[in-house]
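A structural walkthrough
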Amino acid sequence: MKNLSIASLFLATILIITGCSKQKSATTGWNYNDPEWGGFEVSDYNEQITAPGLVFIEGGAFTMGRVSDDSRFQWNNVAHNVTVSSFYLDETEVTNQSYREYVYWMQRAYGEEYPERVRAIYPDTNCWRDKLAWREGFVDYYFQSPIYDQYPVVGVTWEQASKYCIWRTDRVNEKILVDKGIIQLDLTDLRGETAFQTDVYLAGQFRGETKNELENLDPSAGGEPRQVRREDGILVPHYRLPTEAEWEFAALGMIGNTYDERIVEHKTYPWAGSSVRSANKKYYGQFLANFKRSRGDAMGVAGNLNDGWDYTCPVKWYFPNDYGIYNMAGNVSEWCMDVYRKDQNPIGGEDQNPFRGNVYRTPTYIDEEIAINDTTGSIIYKNVDDDLNRRNYRQADNINYLDGDYASIIYDYESKNSIDDWTGSSNDEEEIADENNNMANPDSVTNMMYRRNVPSPNVSSLLSNKVRVVKGGSWNDRAYWMQAGTRRFYEQDRSTSWIGFRCAMDRLGSRAGK
């Protein structure tokens, strides 16, 4: 026992000495986190926390698109292999209660001085109306009544859903800083221009009240504390809408459908098999999603309902898939981040985390400081300047890349290569002038792309750069639309009673979530 006590004391001494020792640079041997050695700081955070409401989705390779016959013959989802990085996705669709919290907060922050900002985010409850159906009860009560608190919010445009993601990011990061005692939470006189915003805070332009900020180890700081930085690893990345590839990958939930790095069966729905009914003996024959079985049959007959819901249902109804996420088929369709194109896998397109819709932006500077909008308190962004010296991109707006810009228009179909460095080869001055005019107008480029080879000049496409991908079937759809590979589009500034959304977030670091 005496020897054991001595050994324990010796071990404790070693731990104390080790704990007090400074981390050293493997490159220079200098101490980290030591003002006497320059004060370069290294954080102890080495894993990303799971933010509220999210589920970790381990990524991997999968076959995106339809692997069964396309009964509508649209050919807009031809099967192709892609890899999706690990990411996070909401466990459920965003609910009426969650969205009402957003509206309430915006009302407090902006309602008095800028009521138009609140009106701009309010769901269109009139989306429930139909010229030949009675739905006034939903118009009056669906969004407001506590009875529908845990039902998916609808009547929200893609633009509104994107703004909700920004607001949610700010509230989550604000709470992290409040919990750590770094900033002061004072909502007695909440004003939008002084409210916490993640990007504004990280830019050093936060206008709220600080509390106990971090010790600044930089000797030149004169002992003044500092704000949290990205290097500290404390704040979470932005909430956002999922890409189409992410949504489809998460919906299939193939983490429970693999063996020894082989996908045993390519799923059609978020569950195994080709039926919309449960094959489990305990629940045999029960419907696995909320959809319309046939015309006039939305939920079955009295005394023997099939899926049990004629319109939307609570977001945690039915079984979750193997990732633990609910209603990735049926209930409501969901917005994705992508701009819609019929060809989701253009020749030369990316096979890792594919996405169409990149428009690169950067903060605006005034007198060497990041410019802040006095009305909203937000950073003023602008598109990045065109940079012809880059290899990976050359302009801010890349929505039409390989689809409507010069790289598409002059595609060499014999060599199967697009010509990125095109400088003009036509001798027709009028033709060159038309091409230059189209490059200055992205919508004209898109129209030119989709009217190309069309016999009649009066025929044009419904597609534009403001049309977004919609995935998953809804309460108003047949089983066909619940297949993970099916896809549709809808204008980003319009809403409907059958489209909702859920949020996603990048996963930083380990792809295995460990």
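Bear in mind the structure is a predicted one, so any value in this text is a computation, not a measurement. (Residues numbered from 1 in each chain as written. Predicted model: local features only at pLDDT ≥ 70, side-chain atom pairs only at ≥ 80, totals over all residues. Heavy atoms only, no water.)

1. As for the packing of aromatic side chains
The full count for this structure, using the stated rule, is 36 aromatic pairs. When the centroid spacing of 5.3 Å and the interplanar angle of 70 degrees are considered together, the rings of W30 and W37 count as edge-to-face. Among the residues examined, W30 registers a relative accessible area of 46% and is labelled partly exposed. Here W37 falls in the partly exposed class, since its relative accessible area comes to 38%. Ring geometry for W128 versus F138: centroids 4.5 Å apart, planes at 25 degrees, classification stacked. Here the residue W128 occupies a position in the loop between α3 (115-121) and α4 (136-141), and F138 occupies one in helix α4, the gap between them amounting to ten residues. Note on accessibility: W128 and F138 belong to one class, buried. Three or more aromatic residues link up through ring pairs in this structure, and these residues are W128, F138, Y142, Y148, Y151, W309, Y311, W317 and W475. The positively charged end of R171 is found above the aromatic ring belonging to W105, 4.0 Å away from the centroid. Here the guanidinium or amino end of R468 rests over the ring plane of W158, the centre of that ring lying 3.7 Å away. (Phe/Tyr/Trp six-rings, centres within 6.5 Å; stacked < 30°, edge-to-face > 60°. Buried < 20%, exposed > 50% of the residue type's maximum accessible area, 1.4 Å probe, protein only. Helix = DSSP H or I, 4+ residues; strand = E, 2+ residues; numbered from the N terminus. Lys NZ or Arg CZ within 6 Å of the ring centre and 35° of its normal.)

2. Observations concerning the sheet that holds strand β4 (residues 87-90)
Spatial strand order, β1-β4-β18-β5: four strands in an open sheet with antiparallel pairing. Two strands in the sheet have a free side with no partner beyond their single neighbour: β1 (54-57) and β5 (239-240). Bridge count for β5 against strand β18 (residues 504-506) is two bridges, and the pairing is antiparallel. Looking across to β18, one finds that Y239 is bridged to M505. In the packing of helix α7 (residues 244-252) onto the sheet, the strands contacted are β1, β4, β5 and β18, and the crossing angle to β4 comes to about 75 degrees. (Pairing = 2+ DSSP bridges. Contact = heavy atoms within 4.5 Å. Axes fitted to C-alpha atoms, helices over the stretch in contact; angles between N-to-C directions.)

3. Observations regarding α7
Most of α7 is tucked away: nine of the nine residues are buried. Those residues of α7 that sit buried are E244, A245, E246, W247, E248, F249, A250, A251 and L252. G253 lies just past α7 and shows a positive phi near 50 degrees.

4. As for the pattern of salt bridges
What the rule picks out here adds up to 21 salt bridges. Put simply, E41, R226, R229 and D232 are held in one network by salt bridges that share partners. (Salt bridge = Lys/Arg side-chain N within 4 Å of Asp/Glu carboxyl O.)

5. Quick notes on the sheet that holds strand β15 (residues 467-471)
If you walk across this open sheet you meet the four strands as β16-β15-β10-β17, and the pairing is mixed. Two strands lie at the open edges of the sheet, namely β16 (487-491) and β17 (499-500), each paired on one side alone. Both β15 and β16 contribute to a ladder of five bridges, which runs antiparallel. Each bridged residue has a counterpart across the sheet, and for K471 the counterpart in β16 is R487.

6. Focus on the packing of helix α2 (residues 96-110) against helix α5 (residues 158-179)
Where α2 contacts α5, the two axes come as close as 11 Å, and the packing angle between them is 75 degrees. The angle between the axes of α2 and α5 places the two elements in the roughly perpendicular class. When α2 is examined against α5, the residues S98, Y99, E101, Y102, W105 and M106 are found in contact with a partner set consisting of Q160, K163, Y164, W167 and R171. (Parallel < 35°, antiparallel > 145°, perpendicular 65-115°, else oblique.)

7. Some details on the side chain of Q483
Looking at where Q483 falls in the secondary structure, it is placed in the loop between β15 and β16. A polar contact is formed between the side chain of Q483 and the backbone oxygen of Y480, at a distance of 3.4 Å. (Polar contact = N/O pair within 3.5 Å; in protein donor to acceptor, adjacent residues only side chain to side chain.)

8. Brief notes about the nonpolar core
The biggest cluster of nonpolar side chains holds 60 residues, and the ones touching the most others in it are Y99, W128, L177, Y201, W335 and F501. At the level of secondary structure, the elements contributing two or more residues to this core comprise α2, α3, α4, α5 and β10 (333-339). Broken down by element, this core gets its largest block of residues, eight residues, from α5. In this structure, L177 is in contact with I182, I183, F196, Y201, V228, I234 and L235, ignoring residues within four places of it in sequence. Core analysis: the second largest hydrophobic core is formed by 25 residues, L89, A245, A250 and Y323 among them. (Core = buried A, V, L, I, M, F, W, Y, C linked by side-chain atoms within 4.5 Å.)

9. Details of the confidence of the model for the protein
Within the protein, residue pLDDT values average 83, and 82% of them lie at 70 or more. Considering each helix and strand of the protein separately, the mean pLDDT is smallest for helix α9 (residues 429-440), with a value of 44, and largest for β5, with 98. Note that residues 11-19 has pLDDT below 50 and, in this model, zero contacts with residues that lie over four places away or in other chains. pLDDT under 50 marks residues 410-440. Its contacts with residues more than four places away, or in other chains, come to 29 contacts. (pLDDT = per-residue confidence, 0-100.)

10. Quick look at unusual backbone geometry
With the exception of glycine, the majority of residues adopt a negative phi angle, and the majority of peptide bonds are in the trans configuration. Its identity is not glycine, yet N327 carries a phi of approximately 55 degrees, on the positive side. The phi angle at D367 is positive, at roughly 55 degrees, despite the residue not being glycine. Locating D367 in the fold gives a position in the loop between β12 (365-366) and β13 (369-370).

11. Quick notes on α2
For α2, built from 15 residues, the straight-helix expectation of 21 Å at 1.5 Å per residue is met to within 8% by its first-to-last C-alpha distance of 21 Å. When α2 is considered as a whole, its buried residues turn out to be N96, Y99, Y102, V103, W105, M106, A109 and Y110. Buried residues along α2 sit in contact with α3 and α5. (Expected span 1.5 Å × (residues − 1).)

12. What about the environment of Q150?
Its place among the elements puts Q150 in the loop between α4 and α5. Since its relative accessible area comes to 39%, Q150 is described here as partly exposed. Remark: the alpha-carbon pair of Q150 and S98, spanning 52 residues in sequence, is separated by 8.6 Å. Residue contacts for Q150: discarding those within four places in its chain leaves T95, Q97, P314 and V315.

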